[in-house]
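Spelled out from the first residue to the last, the chains are:
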Amino acid sequence: MTPLGPVPDATVKLSSFTDEGCIELGKKENLSVEEKKQYEECQKTLAEVQTNEKGEYGFANIKPGWCRLFIRWRATLKSDVQSGADFTGEYWMYYGHPKDEPDKFGFAAVGYPFKLSAGENATRDLFYNKGPYANVTK
């Protein structure tokens, strides 16, 4: 895999929220036992797919409402960065070396919640060129 370009075989998960209150609850750092239970009940995974060889993915027949994307993948990179997190576009990015594969990086991108309207087609792209990709060695 080249450091910058499409990412085939990434896992893309689409989650839904019952309302904006559920989204706000998910932003809190220290949830009480009752709040954790409430959050588990108000959000759920709708679908999970893999990207194709061009890094493309899609979901069909999604009902209107609040949604969020979570994307994860691994890449073989030589980089002097060990781990980190930052923000790019509408995603929080997390990356680090998996303990069992020191020549790889594991990545996770967590998107901001967005509202999908009835009959709407929505496109969400992730372009990421920071973190370990910015410090790739040959």
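We now turn to the structure provided with this report. (Residues numbered from 1 in each chain as written. Predicted model: local features only at pLDDT ≥ 70, side-chain atom pairs only at ≥ 80, totals over all residues. Heavy atoms only, no water.)

**Remarks on helix H2 (residues 33-42)**
Taken as a whole, H2 has its buried residues at Glu35, Tyr39 and Cys42. Along H2, the residues classed as buried sweep out an arc of 70° about the axis, all on the same side. The exposed residues of H2 that point more than 90 degrees off its buried face are Val33, Glu34, Glu40 and Glu41. Elements in contact with the buried residues of H2: strand S1 (11-17), helix H1 (20-27), strand S2 (43-50) and strand S3 (65-76). (Buried < 20%, exposed > 50% of the residue type's maximum accessible area, 1.4 Å probe, protein only. Helix = DSSP H or I, 4+ residues; strand = E, 2+ residues; numbered from the N terminus. Arc of directions from axis to C-beta. Contact = heavy atoms within 4.5 Å.)

**A look at the nonpolar core**
Nonpolar side chains in soluble globular proteins tend to be buried together. Of all hydrophobic cores here, the largest spans 20 residues; its most connected members are Ile71, Trp73, Met93 and Phe107. For this core, the secondary structure elements donating two or more residues are S1, S3, strand S5 (91-96), strand S6 (104-111) and strand S7 (114-116). A per-element tally of this core places S3 first, with 5 residues. Formed by 8 residues, the second largest nonpolar core is a distinct cluster that contains Cys22, Ile23, Leu31 and Cys42. (Core = buried A, V, L, I, M, F, W, Y, C linked by side-chain atoms within 4.5 Å.)

**Some words on H1**
Looking at H1, one finds that the buried residues are Cys22, Ile23 and Leu25. One side of H1 holds all its buried residues, which, seen down the axis, span an arc of 160°. The outward face of H1, more than 90 degrees from its buried face, is lined by the exposed residues Glu20 and Lys27. With a side-chain oxygen lying 3.1 Å from the backbone nitrogen of Gly21, the N-terminal cap of H1 falls on Asp19. (Polar contact = N/O pair within 3.5 Å; in protein donor to acceptor, adjacent residues only side chain to side chain.)

**Digging into the environment of Trp66**
Looking at the secondary structure, you find Trp66 in strand S3. For Trp66, a relative accessible area of 19% translates into the label buried. Residues Trp66 and Gly119, 53 residues apart in the sequence, show an inter-C-alpha distance of 14 Å. The contacts of Trp66, once residues within four sequence positions are left out, are Ser15, Ser16, Phe17, Asp19, Glu20, Ile23, Pro113, Phe114 and Lys115.

**Regarding unusual backbone geometry**
Peptide bonds are mostly trans, and most non-glycine residues show a negative phi. Positive phi is not limited to glycine here, since Asp9 has a value of about 65°. Among the structural elements, Asp9 can be located in the segment before S1.

**Brief notes about the packing of aromatic side chains**
What the rule picks out here adds up to 6 aromatic pairs. A network of ring pairs unites the aromatic residues Trp73, Tyr95, Phe105 and Phe107 as a single cluster. Residue placement shows Arg124 over the ring face of Phe114; its charged tip is 3.9 Å from the ring centre. (Phe/Tyr/Trp six-rings, centres within 6.5 Å; stacked < 30°, edge-to-face > 60°. Lys NZ or Arg CZ within 6 Å of the ring centre and 35° of its normal.)

Just geometry here; none of it tells us what the structure is for.
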